[in-house]
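Chain by chain, the residues run as shown.
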2 protein chains.
Amino acid sequence: MGKNQPQNKKREALNIPAGRRVTSYDVARLAGVSQSAVSRCFKPGGSASAKTREKVLAAAKELGWQPNALARGLITQRSNIVAVLISGNVNLYYPEVLFALTHRLSEEKLRVMLFTVDSEDDVDPVLDQISQFQVDAVISASHMRREHAERFEETNTPLVFFNRYFEDRSSDVILCDPEPQTRQLVKRLSDQGHSRFAVVSGPATNMVSRTRLRGVRAAVEAEGGTIITEAPGDFTYESGAAALHRLMECTERPTAIVCANDMMAMGLIDEARTVFRLRVPEDLSVTGFDGIATARLASYDLTTIRQPIGRMCDAAVAVLREQLDRPERTYEKRVFEGLLIDGATIGPVPDVY
Amino acid sequence: MGKNQPQNKKREALNIPAGRRVTSYDVARLAGVSQSAVSRCFKPGGSASAKTREKVLAAAKELGWQPNALARGLITQRSNIVAVLISGNVNLYYPEVLFALTHRLSEEKLRVMLFTVDSEDDVDPVLDQISQFQVDAVISASHMRREHAERFEETNTPLVFFNRYFEDRSSDVILCDPEPQTRQLVKRLSDQGHSRFAVVSGPATNMVSRTRLRGVRAAVEAEGGTIITEAPGDFTYESGAAALHRLMECTERPTAIVCANDMMAMGLIDEARTVFRLRVPEDLSVTGFDGIATARLASYDLTTIRQPIGRMCDAAVAVLREQLDRPERTYEKRVFEGLLIDGATIGPVPDVY
DNA sequence: TTGTACGCGTTATCAA
DNA sequence: TTGATAACGCGTACAA
């Protein structure tokens, strides 16, 4: 075998030097038509007689030619590339979103250029890349400051936020607001006798975390319960485990712990079981947010509020498509409710209390 | 706010119509130099006097200009895009590889175009996209038939296989062969009194699964044990759970079950604990392959063999870089050993047997 | 070091 | 429907 130049007979017949790429001109020569005819045959709705089209398609297949997307993008001002910004960290929520988005985008003939953003410092170089590659649009499910978002405004690049946005800046947003389900969840806990709650939050600056917390506080108050303490976490499994230690030091212990995402809930549960020898839910009720696949595994069977990721990704792509097709559109915010997942991590308040 | 054209004063001063993109010509005009001077200032090693460079960079910054990667790719025949083909299914091994690869590639100034491939039928359209976008190279961690791989040969697109390859076709390959650790693992089980093994395999056509199985069979034989039965799985959590049911029907039950990946091991363990009320490892020893993050969570603490994903991704990118810089290189296969992870899912063979 | 001129491979325009 | 020709925005010989 080895790495030789392709030995295509047709190439030789057309005198295409090895190493040079096959172009639409070559296809045109082989088909006996003009180059522009070839181009039209590959354009949806391009006018060409059945006979021409047949010849061209045959020739293209023969030579293994496909239109060069770079050249096409240069002239059409459309790269058909969408940048997806996502956190590369260990929260298993992100891969689920990423794969769902990729799937939906490919149905729209859009390609995903992937960027992982783990801190706000990562954003600037990523924005440079995005602008260099002339991406048609950006979906951001990661950190971003206002001034970053404004750079897209300047280049008229549609930007769709996924589960985050700026209160004081309009933009396209896909959101899950699980407030109704949060009330439902807290009510369920309250009905089971819980009144002393604790909360494990995400980063203080994180909007998702803040929204969830606000919902939990309101729901607990509505039920007449008390949030004894709020322990800070950072959405990681480890921070959930660490938070439990702080909660266990409270003189008056909580009987139900609401975590701002599933990863922390899982960490907290594992710590409760292995280190503190607490049974969940017999001794302690724990809940999460997100509804990631891992939290559904039988070892956790977490009671949580699922984000409808599939629908949200559908929406993100639909909004994006709309922005691409009608650039004068106004902004839109689509808010989805969550879905309460009935797991096995909450139960009646223990007698001992 | 709203979606107005950018109101850049400099744009107006240069008479750049709204809607037209800023080009290197605009930068050149503003800097008072030629377009090629601008180009050179953005080329590493391009010759330009300090003064020129200063003016150009200032002008570029003023206009928010960045070189157009599409146009650059067209002329240089280098898109700086790498296609990553990965399975979009629920095996949590893939996101880990994907994020690690993305990280490494970005250090090489290469962008990731992501393609999810869940069955061999998905491959053809993906290959079309890949060839259209003139990607510089392809990393494949998903299904692919030989004829697919050959298409890359034809276009001289470097292809690096990640944990799979064709026996009868040379190519660049990054591989984890955990054979030594498999022996180690089986020996450890054997030392703890196990002699009746069961295996839960992956898809019969899957190379990774076949290799792992071969290793397990050899190791068990070497230790004088017996593989009582092999249950087929498909690398998913659910198939691991299902496999246990088949294994429990054996008249002579296995005491140690080796699963071909972590996801199945986790499914099997959960099923054992919740449905069959078996304790792991007291009643049953279970092991996996991969060493994914989820398997390390305290609820599982799986005994498994980790793939050195970080090193493997480093290697994949290094091999790819080599292919890009020296196209006449020959193929290379880099094989990494695994790392035995001492979890808590294996133990002495139970007395009752 | 600098500028001129050309070409990368396509789509868009327009006259035929 | 078809073909000639002009962009798209850049990198790069080559001459100055």
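This text follows the structure it describes.
This is a predicted model, so every value here is computed, not measured. (Residues numbered from 1 in each chain as written. Chains lettered and ligands numbered in written order. Predicted model: local features only at pLDDT ≥ 70, side-chain atom pairs only at ≥ 80, totals over all residues. Heavy atoms only, no water.)

Caption draft 1: Highlighting the protein's contact with DNA strand D. The local shell around DNA strand D holds 28 residues, among which A:Thr52, B:Ser24, B:Ser39, B:Trp65 and B:Arg72 are the closest. In the interface set of DNA strand D, defined as its atoms within 4 Å of the protein, sugar plus phosphate atoms amount to 64%. Taking B:Gln35, its side chain carries an N or O atom lying 3.4 Å from a base oxygen of DNA strand D. Between B:Ala71 and DNA strand D, the recorded distance is 3.5 Å, taken from a backbone N or O atom to a base nitrogen. (Near = heavy atom within 4 Å. Polar contact = N/O pair within 3.5 Å; in protein donor to acceptor, adjacent residues only side chain to side chain.)

Caption draft 2: Representation of the protein's contact with DNA strand C in the model. What surrounds DNA strand C is a group of 29 residues, the closest being A:Ser24, A:Gln35, A:Ser39, A:Trp65 and B:Thr52. Residue A:Ser39 places a side-chain N or O atom 2.4 Å away from a phosphate oxygen belonging to DNA strand C. For the surface near DNA strand C, the secondary-structure elements that each account for two or more residues are helix H2 (24-31), helix H3 (35-41) and helix H5 (69-76) of chain A together with helix H3 (35-41) and helix H5 (69-76) of chain B. Class assignment for the residues of the surface near DNA strand C results in 10 nonpolar, 15 polar and 4 charged. (Helix = DSSP H or I, 4+ residues; strand = E, 2+ residues; numbered from the N terminus. Nonpolar A, V, L, I, M, F, W, Y, C, P; charged D, E, K, R; others polar.)

Caption draft 3: Structural view of the sheet that holds strand E7 (residues 226-232) of chain A. All names here are of chain A. Taking strand neighbours across the sheet as the criterion, the 4 strands line up as E7-E6-E8-E9 in an open arrangement whose pairing is parallel. The open sheet has two free edges, formed respectively by E7 and strand E9 (285-287), since each of these has just one partner strand. Taking the axes of each pair of neighbouring strands and ignoring which way they run, one obtains an average angle of 20° across the sheet. Where strand E8 (residues 256-259) meets E9, 3 bridges bridge the pair, whose relative direction is parallel. Across the sheet, the residue bridging to Val258 is Thr287, located in E9. On top of the sheet, helix H10 (residues 207-222) reaches strand E6 (196-201), E7 and E8; it is set at about 165° to E7, its chief contact. Across the face of the sheet, helix H11 (residues 237-248) comes into contact with E6, E7 and E8 while running at roughly 135° to E7. (Pairing = 2+ DSSP bridges. Axes fitted to C-alpha atoms, helices over the stretch in contact; angles between N-to-C directions. Contact = heavy atoms within 4.5 Å.)

Caption draft 4: Spatial organisation of the pattern of salt bridges. Applying the stated criterion across every chain yields a total of 42 salt bridges over all chains. For B:Asp283, the salt bridge is made with B:Arg279, and the minimal N-O distance between the two is 2.9 Å. Through salt bridges with shared partners, one network takes in A:Arg20, A:Asp26 and A:Arg29. (Salt bridge = Lys/Arg side-chain N within 4 Å of Asp/Glu carboxyl O.)

Caption draft 5: Looking closely at the sheet that holds strand E6 (residues 196-201) of chain B. Residue and element names in this part refer to chain B. Read from one edge of the open sheet, 4 strands run E7-E6-E8-E9, paired in parallel fashion. Strands with a single pairing partner mark the edges of an open sheet, and in this sheet they are strand E7 (226-232) and strand E9 (285-287). Sheet twist, expressed as the mean angle between neighbouring strand axes with direction ignored, is 20°. Along the sheet, helix H10 (residues 207-222) makes contact with E6, E7 and strand E8 (256-259), crossing E7 at roughly 165°. In the packing of helix H11 (residues 237-248) onto the sheet, contacts are made with E6, E7 and E8, and the angle to E7 comes to roughly 135°.

By themselves, these figures tell us nothing about what the structure is for.
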